[in-house]
Every structure is written in structure tokens, then in C-alpha cells.
Amino acid sequence: MYKIIVFIAITVLFHYVGHKSDGNSINYERSTSPDSALKNRLSFPLGAAVKIRHLRENTVYRNTLKNEFNSITAENSMKFEALQPNRNVYRWTNADYIVEFANKNNIRIHGHVLHWPKANPKWVLKYKGDSAILENILKSHIQTVMNHFKGKVRSWDVVNEVFDDDGKLKQTFWLKKLGPDYIGRCFQYARAVDSKALLFYNDYGQEYSMKKRHAIANMVASFKKRGIPIDGIGLQMHTRVGVSEAKIRAAIGVLAKTGLKLHISELEISARSKKTNIFKMEDDLEHQQAEKYNLIFKTYNTIPAKQRFGITTWNVSDADSWKNTKNKYFDFPLLFDHEYRPKEAYRAILKGLE
Ligand code: XIL
């Protein structure tokens, strides 16, 4: 009898614990409830990059997106190779699914990305013909994609990562074939299709490289002079706990001077543990990270309201981050832990707003 009671008690306990962490309920005990979520306390949208498979299959992922974010960016589903895997053959299913999810839940969707020289379908890289036809491939991709999402996706990263850290243009396949002015033409092609969409230039490392951020500011100035449309700059900010306050302030400060909208577009603060496959970050790392998150949100709040397009983190929880792979889990870069519980960084930002 005694053994049976113990067995039942253990079974019930396991069931309860298992249920709590089965991924279908969010544990907000540590900080907040959906009503008092961080997004409702900010003066700008809070975004997350979205992986299509998680969105389709993981309920807690969907719920966290709905409760905690009011802007999303497709992590990969709107890239060239995803949308046009073969020449003139477009695949819209995944991107449409994300857009529909966003629209249904009153979440803004930011388009990413029309042209990223690094991400190309194989058929493009094999192209050996003349540059006029290659330019036409790019133009037609930009315009077909913008047309498809017209009225639903109201902002786009038009061009991504064309500068090197030394401030010079990267010597890419595209630059070699089309020459430096093709970058401005991408923006003109985009504007011609959708006059209402906001057009962004997006790049990483602007907090680390002074030369790069100045090159971007100079490009904006030259666009303005030449009448080339551009509405905003994306600072990706795939950054690290060690990043200095001065660097963050400098990047946001210099780019804010352009007068354009700023989007902190792919934020993560990498905090790597020396051990792999542990699911709890070390406390001191968590404190340092919380401070940096708070600092970035605070600094962003100092730019004029009309320039605050929003802050987007590069996915939702540490478990979803591109910094971790299935078999190797050692980085904790985001605002939610692997069970979608808000982390110290989340609470630090909330506190910083008081
Ligand atoms: C990354 C995705 O997170 C990965 O899943 C993918 O394998 C490669 O691309 N800069 C960008 C993003 O603009 O599109 C990149 O996203 C990260 C760097």
C-alpha cells in the first residue's frame, strides 16, 4: 500500500513538472504578465526575428511572439534563395505564412532582405552573361517581391552588408559586375514599385567600426544629394557583453545625425559560456548582459521619437538563436531563456524605464 501511494505521488509530481515545462505554457512568474509585457512599456516597437519551422510547430514560440513582440522580421524566409530558388520560380508559402501570422495578430512585419550580396541562390552565382541582364535579374527580383507584399509589408531592408570594416565597399560578385552605383539603383527600383514602403540600408558592426559607420552616413548623404530614396538605417548589433558604452553611443549617435529612422534590427548580446550544453548561464554573465541590454535600450530612447523605428532581437529565446546549434548550446544572447522565461536583461530594461 505504502509503495503504491509513493508511486502515485511521484507520478503526479512528474506529470506536474513535465507539464510546466512542456513548452505549452509560459512561465511569467519571474517578472511580468502579457498585459505588463515590455512591449507595452516602450515608446517604439519591439521585434523578433522569426524562424518559420518554430512558428509553424512550436506553440510556446508563437505565444511568446504574440504576447511579447509587436514587430517581426523573417529570419530567412524572405531572402533571395528562399523566395526565388530557381530563376523566375518564386516560392511564397513560408513568407506568406509569416505575413499572415503578423497581420492576424496586429504585429508589424519588417521585410528582410531584398539584396544581400552574400546570400544568393546557386543559379545566380553561376550566371556568366552580361551585366545588363544580371542587373535585370536583381531589379526584377526586388520588384516582384515588393509587388507581392505591397500593402502588407511596409518596410524593407533593401540592401544588406555591402561595406567592409575599413569603410570600403566589399568586393562582391555583384559589385564587380555592376559597379558601385548599383546600390543606389536598388533603392530606386524598390521605390518605383511601392511609394509608401520605408526603405532601409542594413549592416552589422557599426558599433565596432568607426570607418564603417561613417561610410554608411556618407552613403546616405550622397543618396540625398542625388535624389535616391532612403528612409532608414538598420544597425544589426550582433554584439557581445564586452561591447563598450562609448561604442554603442557612438554608433547610435552618428547614424541618428542622418535624420533617418534607426532600426536596431538584429540585436543579440552574445554571452558565451565556456561549457557547452548547459542551459543556465553563469550569474555574472547574466548581470553583465542585463546591463548592456539596458544601456542599448536607454541610449536608443534618447534619439528623437520619429526616428525610433524599433528594436528587433535576432529571434526569441536563447534556444532559437543562430549562435546555438542543436548539438552545441553555449551562448545566451537573447531576452528569453530556453524555456521562454524572461531573463534578467528583460527585467533590467523594464526597470530602466521607471
Ligand atoms: C542569418 C540567420 O540567422 C541564419 O539562420 C542563416 O543561416 C544565415 O543568416 N546578418 C543578416 C541576417 O542580415 O540575415 C543573418 O541571418 C545574420 C547576419
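Residues numbered from 1 in each chain as written. Predicted model: local features only at pLDDT ≥ 70, side-chain atom pairs only at ≥ 80, totals over all residues. Heavy atoms only, no water.

The omega torsion of the bond from His-112 to Val-113 falls at 10 degrees, within 30 degrees of zero and hence cis. Within the secondary structure, Val-113 is located in strand β3 (residues 108–115). Within the chain, Asn-88 stands out as a residue other than glycine whose phi angle is a positive 65 degrees. The residue Asn-88 is located in the loop between α4 (80–83) and α5 (93–104) in this model. Backbone geometry at Met-237 places phi at a positive 60 degrees, although glycine is not the residue there. You can see Met-237 is positioned in the loop between β6 (232–235) and β7 (238–240). (Helix = DSSP H or I, 4+ residues; strand = E, 2+ residues; numbered from the N terminus.)

A word on the packing of aromatic side chains. Counted according to the given criterion, the structure contains 15 aromatic pairs. Both rings, one in Tyr-329 and one in Phe-332, keep their centres 5.5 Å apart while their planes meet at 75 degrees; by these two values the pair is edge-to-face. By relative accessible area, which is 5% here, Tyr-329 ends up buried. Three or more aromatic residues joined by ring pairs form one cluster here, namely Tyr-90, Trp-92, Phe-149 and Trp-156. Lying across the ring of Tyr-97, Arg-56 places its NZ or CZ 4.2 Å from the centre. When the ring centre of Tyr-208 is taken as origin, the NZ or CZ atom of Arg-240, which lies over that ring, is 4.7 Å away. (Phe/Tyr/Trp six-rings, centres within 6.5 Å; stacked < 30°, edge-to-face > 60°. Buried < 20%, exposed > 50% of the residue type's maximum accessible area, 1.4 Å probe, protein only. Lys NZ or Arg CZ within 6 Å of the ring centre and 35° of its normal.)

Burial runs high along strand β4 (residues 155–160): six of the six residues are buried. Pairing geometry for β3 and β4, over four bridges, is parallel. Within β4, the residue paired with Gly-111 across the bridge is Trp-156. Bridge analysis of β4 against strand β5 (residues 198–203) gives five bridges, and the strand direction is parallel. For Asp-157, the partnering residue across the bridge sits in β5 and is Phe-200. (Pairing = 2+ DSSP bridges.)

On to the site of the ligand. Neighbouring the ligand are the residues Glu-75, Asn-76, Lys-79, His-112, Trp-116, Asn-160, Glu-161, Gln-236, His-238, Glu-266, Trp-314 and Trp-322. A distance of 2.8 Å is found between an oxygen atom of the ligand and a side-chain nitrogen or oxygen belonging to Lys-79. One nitrogen or oxygen atom from the side chain of Asn-160 is found 2.8 Å from an oxygen atom belonging to the ligand. Against a free-state accessible area of 410 Å², the protein chains account for coverage of 78% of the ligand. Of all the cavities here, the one that holds the ligand is the largest pocket. When grouped by side-chain class, the residues that make up the shell around the ligand number three nonpolar, five polar and four charged. (Near = heavy atom within 4 Å. Polar contact = N/O pair within 3.5 Å; in protein donor to acceptor, adjacent residues only side chain to side chain. Areas by Shrake-Rupley, 256 points an atom, 1.4 Å probe, with all protein chains shown as cover. 1 Å grid on protein atoms, 1.4 Å probe; cavity = no way out; pocket = protein on both sides within 12 Å on 5 of 7 lines; lining within 4 Å. Sits in = over half its atoms within 2 Å of the grid points. Nonpolar A, V, L, I, M, F, W, Y, C, P; charged D, E, K, R; others polar.)

Below, the discussion takes up the packing of helix α7 (residues 131–148) against helix α9 (residues 182–193). Running from N to C, α7 and α9 cross one another at 35 degrees; their axes reach a closest spacing of 9 Å. Of the two possible hands of crossing, α7 and α9 adopt the one that is right-handed. Contact residues: Glu-135, Leu-138, Lys-139, Ile-142, Gln-143, Met-146 and Asn-147 in α7; Tyr-182, Arg-185, Cys-186, Tyr-189, Ala-190, Ala-192 and Val-193 in α9. Grouping the constituent residues of the contact of α7 with α9 by class yields nine nonpolar, two polar and three charged. (Axes fitted to C-alpha atoms, helices over the stretch in contact; angles between N-to-C directions. Left-handed = near helix turned anticlockwise from the far one by under 90°. Contact = heavy atoms within 4.5 Å.)

A few words on the pattern of salt bridges. Under the counting rule described, the total for this entry stands at 13 salt bridges. Between Lys-212 and Asp-203 there is a salt bridge; the shortest N-O distance is 3.4 Å. With a relative accessible area of 0%, Lys-212 lands in the buried category. With a shortest N-O distance of 2.9 Å, Asp-318 and Lys-343 are connected by a salt bridge. Taken together, the residues Asp-318 in the loop between β9 (308–313) and α13 (344–352) and Lys-343 in the loop between β9 and α13 connect sequence positions 25 residues apart. Residue classification places Asp-318 among the buried residues on the basis of a relative accessible area of 1%. Connected through shared salt-bridge partners, Asp-165, Asp-203 and Lys-212 make up one network. (Salt bridge = Lys/Arg side-chain N within 4 Å of Asp/Glu carboxyl O.)

Here the focus is the confidence of the model for the chain. Of the residues in the chain, 90% have a pLDDT of 70 or more, and the chain-wide mean is 92. pLDDT under 50 marks residues 10–32. Its contacts with residues more than four places away, or in other chains, come to 36 contacts. (pLDDT = per-residue confidence, 0-100.)

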